[in-house]
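Here's the letter readout for the chains.
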Amino acid sequence: GNGGSAGTMIAGNSEPLPYDIMGFQECESVAWVLGDAGFAGKFAGLTGPHALCIAYRKAAWELVNDGVADVGEDRSDQWYGTRAAMWARLRYRKTNQTVMFVNHH
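Residues numbered from 1 in each chain as written. Predicted model: local features only at pLDDT ≥ 70, side-chain atom pairs only at ≥ 80, totals over all residues. Heavy atoms only, no water.

A. View of the pattern of salt bridges. Within this structure, the stated rule accounts for 4 salt bridges. The residue D77 makes a salt bridge to R75 at a minimum N-O spacing of 2.8 Å. This pair shows no difference in class: D77 is exposed, exactly as R75 is. (Salt bridge = Lys/Arg side-chain N within 4 Å of Asp/Glu carboxyl O. Buried < 20%, exposed > 50% of the residue type's maximum accessible area, 1.4 Å probe, protein only.)

Structure below.
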């Protein structure tokens, strides 16, 4: 959306070192954002509920597991609904070390 501004910003700030893992909020399609950035073949994406997405660089990381859970709810005077946390457990290919990446909105 917005003329590809998210993808353009990501592509313009991914040098000299590439992003390894990215979390997005207000994201209905991680494939769209990655495509706008020119990263469609380099990153894998996970799309969760509540417009949450995670992307990781496939050459560096492999997905071990992932999940999502509602972790909160807005107060009644500003109620938009429940809030979720989305996570991905990833293994770094070079060292076999793992990271747990959590995205919340």
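B. Quick peek at the side chain of D74. Note on placement: D74 falls in the loop between β4 (61–73) and β5 (82–92). Overall, the relative accessible area of 17% leaves D74 in the buried class. Of note is the side chain of D74, whose polar atom sits 2.9 Å from the side chain of R83. Contact partners of D74, with chain neighbours within four places excluded, come to W79, Y80, G81 and R83. (Helix = DSSP H or I, 4+ residues; strand = E, 2+ residues; numbered from the N terminus. Polar contact = N/O pair within 3.5 Å; in protein donor to acceptor, adjacent residues only side chain to side chain. Contact = heavy atoms within 4.5 Å.)

C. Quick look at the packing of helix α1 (residues 5–12) against helix α2 (residues 30–37). The geometry of α1 relative to α2 is characterised by a closest axis approach of 7 Å and an angle of 50° between their N-to-C directions. Considered as vectors, α1 and α2 are oriented oblique to each other. Pair α1 / α2 crosses with right-handed handedness. On the side of α1, the interface is formed by A6, G7, T8, I10 and A11, while α2 contributes V33, D36 and A37. The residue inventory of the contact of α1 with α2, partitioned by class, reads 5 nonpolar, 2 polar and 1 charged. (Axes fitted to C-alpha atoms, helices over the stretch in contact; angles between N-to-C directions. Parallel < 35°, antiparallel > 145°, perpendicular 65-115°, else oblique. Left-handed = near helix turned anticlockwise from the far one by under 90°. Nonpolar A, V, L, I, M, F, W, Y, C, P; charged D, E, K, R; others polar.)

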